[in-house]
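# Chains, contacts and geometry: an overview
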Amino acid sequence: MKKLLALLLALVMVFGLVACANTTEEPVEEPVEEPVETPVEEPVEEPVEEPVEEESLLVGVSMPTKDLQRWNQDGANMQSQLEAAGYEVDLQFAANDSAMQISQIENMIANGAKAVVISAIDGEALGTVLAQAKEAGCAVIAYDRLIMGSDAVTYYATFDNFLVGVMQGQYIIDTLDLANNEGPFNIEFITGDPGDNNINFFFDGAMSVLQEYVDSGVLVCQSGQTEKLDVATEGWDAAKAQERFENILSTYYADKPLHAVMASNDSTAQGVATALSTAYSNDVYPIITGQDCDIVSMQNMLDGKQAMSVFKDTRDLAAKAAEMVDAIMKGTEPPINDEETYDNGTGIIPSYLCAPKACTIDNYKELLIESEYYTEDQLAG
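Note that this is a predicted model, so its numbers are computed, not measured. (Residues numbered from 1 in each chain as written. Predicted model: local features only at pLDDT ≥ 70, side-chain atom pairs only at ≥ 80, totals over all residues. Heavy atoms only, no water.)

Here the focus is the overall build of the protein. If you tally the helices and strands in the protein, you get 12 helices and 12 strands. Long-range contacts, defined here as pairs at least 24 residues apart, represent 73% of the contacts in the protein between residues at least 6 apart. For the protein, the exposed area adds up to about 19,800 Å²; of that, 51% sits on carbon and sulfur atoms. (Helix = DSSP H or I, 4+ residues; strand = E, 2+ residues; numbered from the N terminus. Contact = heavy atoms within 4.5 Å. Areas by Shrake-Rupley, 256 points an atom, 1.4 Å probe, with all protein chains shown as cover.)

Further remarks concern the packing of helix α8 (residues 266-279) against helix α9 (residues 295-302). Contact geometry of α8 with α9 gives a least axis separation of 9 Å together with a crossing angle of 50 degrees. Relative to α9, the element α8 is oriented oblique. Like other packed secondary-structure pairs, α8 and α9 cross with a definite hand, here left-handed. Counting all contacts with α8, which are made through Asp266, Gln270 and Ala273, the residues of α9 involved are Val296, Ser297 and Asn300. Here the contact of α8 with α9 is composed, by residue class, of two nonpolar, three polar and one charged. (Axes fitted to C-alpha atoms, helices over the stretch in contact; angles between N-to-C directions. Parallel < 35°, antiparallel > 145°, perpendicular 65-115°, else oblique. Left-handed = near helix turned anticlockwise from the far one by under 90°. Nonpolar A, V, L, I, M, F, W, Y, C, P; charged D, E, K, R; others polar.)

A word on the layout of surface pockets. In this structure, the largest pocket spans a volume of roughly 190 Å³. Around the largest pocket sit 13 residues that line it, and Asp67, Leu68, Trp236, Ala238 and Ser267 are the ones nearest its centre. Mapped by element, the contributors of at least two residues to the lining of the largest pocket are α8 and α9. (1 Å grid on protein atoms, 1.4 Å probe; cavity = no way out; pocket = protein on both sides within 12 Å on 5 of 7 lines; lining within 4 Å. Points joined across faces, edges and corners; volume = space filled by probe spheres on them.)

As a further point, take the pairing of strand β8 (residues 260-263). Residue alternation in β8 divides its side chains into two sets, Ala260 and Met262 and Val261 and Ala263, and both sets are buried. Note: strand β6 (residues 185-190) against β8, four bridges, orientation parallel. Each residue of the ladder has a partner; that of Ile190, found in β8, is Ala263. Sheet topology places β8 next to strand β9 (residues 287-288); two bridges connect them, and they run parallel. (Buried < 20%, exposed > 50% of the residue type's maximum accessible area, 1.4 Å probe, protein only. Pairing = 2+ DSSP bridges.)

In this section: the pattern of salt bridges. Going through the model one piece at a time under the given rule, you end up with 11 salt bridges. Of the charged contacts, one joins Lys312 and Asp144 as a salt bridge, the two residues approaching to 3.8 Å between their closest N and O atoms. Of the two residues, Lys312 sits in the loop between β10 (309-311) and α10 (314-330) while Asp144 sits in the loop between β4 (139-143) and β5 (153-159), which places them 168 residues apart along the sequence. (Salt bridge = Lys/Arg side-chain N within 4 Å of Asp/Glu carboxyl O.)

Pairing is parallel in the open sheet, where four strands are placed in the order β7-β6-β8-β9. Edge strands, defined here as strands with exactly one partner in the open sheet, are β7 (219-220) and β9. Packed on one face of the sheet, helix α6 (residues 198-216) meets β6, β7 and β8 and runs near 160 degrees to β6. Strands in contact with helix α7 (residues 238-252) are β6 and β8; relative to β6, the strand with the most contacts, it is inclined by about 150 degrees.

Locating Asn265 in the fold gives a position in the loop between β8 and α8. Residue Asn265 is classed as buried on the basis of its relative accessible area, which comes to 5%. Within polar-contact distance, the side chain of Asn265 engages the side chain of Ser267 at 2.9 Å. (Polar contact = N/O pair within 3.5 Å; in protein donor to acceptor, adjacent residues only side chain to side chain.)

Sheets are built from strands paired through backbone hydrogen bonds, the pairs being either parallel or antiparallel. Reading across the sheet, the six strands line up as β2-β1-β3-β4-β5-β11 and stay open at both edges, with parallel pairing between neighbours. Two strands bound the open sheet, and with one partner strand each, they are β2 (88-93) and β11 (351-354). Between one strand axis and the next, the sheet turns through 15 degrees on average, direction left out of account. Pairing analysis gives six bridges linking strand β1 (residues 58-63) to β2, with the strands arranged parallel.

Next up, the structure:
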């Protein structure tokens, strides 16, 4: 019995140990908490305002040359008036060189000019550069000389150039009293550059009143040079005018008087006056017309070498061109008083025509001195 009890006790102990071994729990791994990341607020970027590009206030002014006094005055007058209105002005003179003028205008457009005022050297040579102006949104104002063949021309500021010619022709008629004299009176003609559309108006205006006296024989042109292109002067050059008239005088007037010279402007009139001093000896001194009231021509008038000039107050023309520019820049209507006369081949160009005035020894003080266009000292030389 004791052995049996001992055996049973041993078995109980063995089973107890086995049970204990089987009931030992595996170590439980505690769940590892992932670190909670606190969301980092991204900095809020304020919207960056793009810089507002200021509207260009650049205006280009292209004058043909400094060789003629009037273009210096036109350029200076326009520059001062545009700058007084708050615009930046690029004023250029092209030395009567069309290629130079084209290059200067190209630079104006490239520099952001919103308007260009152009007195063309050759009214038909600017087509390509003006197409560039149109594409760039740059307005084009033809100044005194109409630019032909371009639809980029927006407006035209000028004088009544047909009336200029009428005044010159009428002065000859009145001074020679052609309505009451049978003549014959000898006359020669000279106008300006064939590339300048204005010669059509000057010459046609003069011939509109003189032609009947030429046809009737009251006026006789001994040289026979009465066609517009025959009497043209390249570049309006005084030296070329002098050379042509020296030939005319020596050939046709060695023994004849010359009674009148219908000269379209002052530089050609000055060339004629110089030729008369070297190649003409008749006691009859001709009536010489002109235009622009250049200082040299006014001095010639005071000396009896030129009978008249047509005064075109460039201050008025510059003011109208400046008004046109200002209106274009502000999107308003520019001053216009003619929408019928000036067709540049692409249509009628809206224009403003300033009024010219005949200037003689009798009224030059009123027109030029009292208006402060010149001083007495300037005309005294």
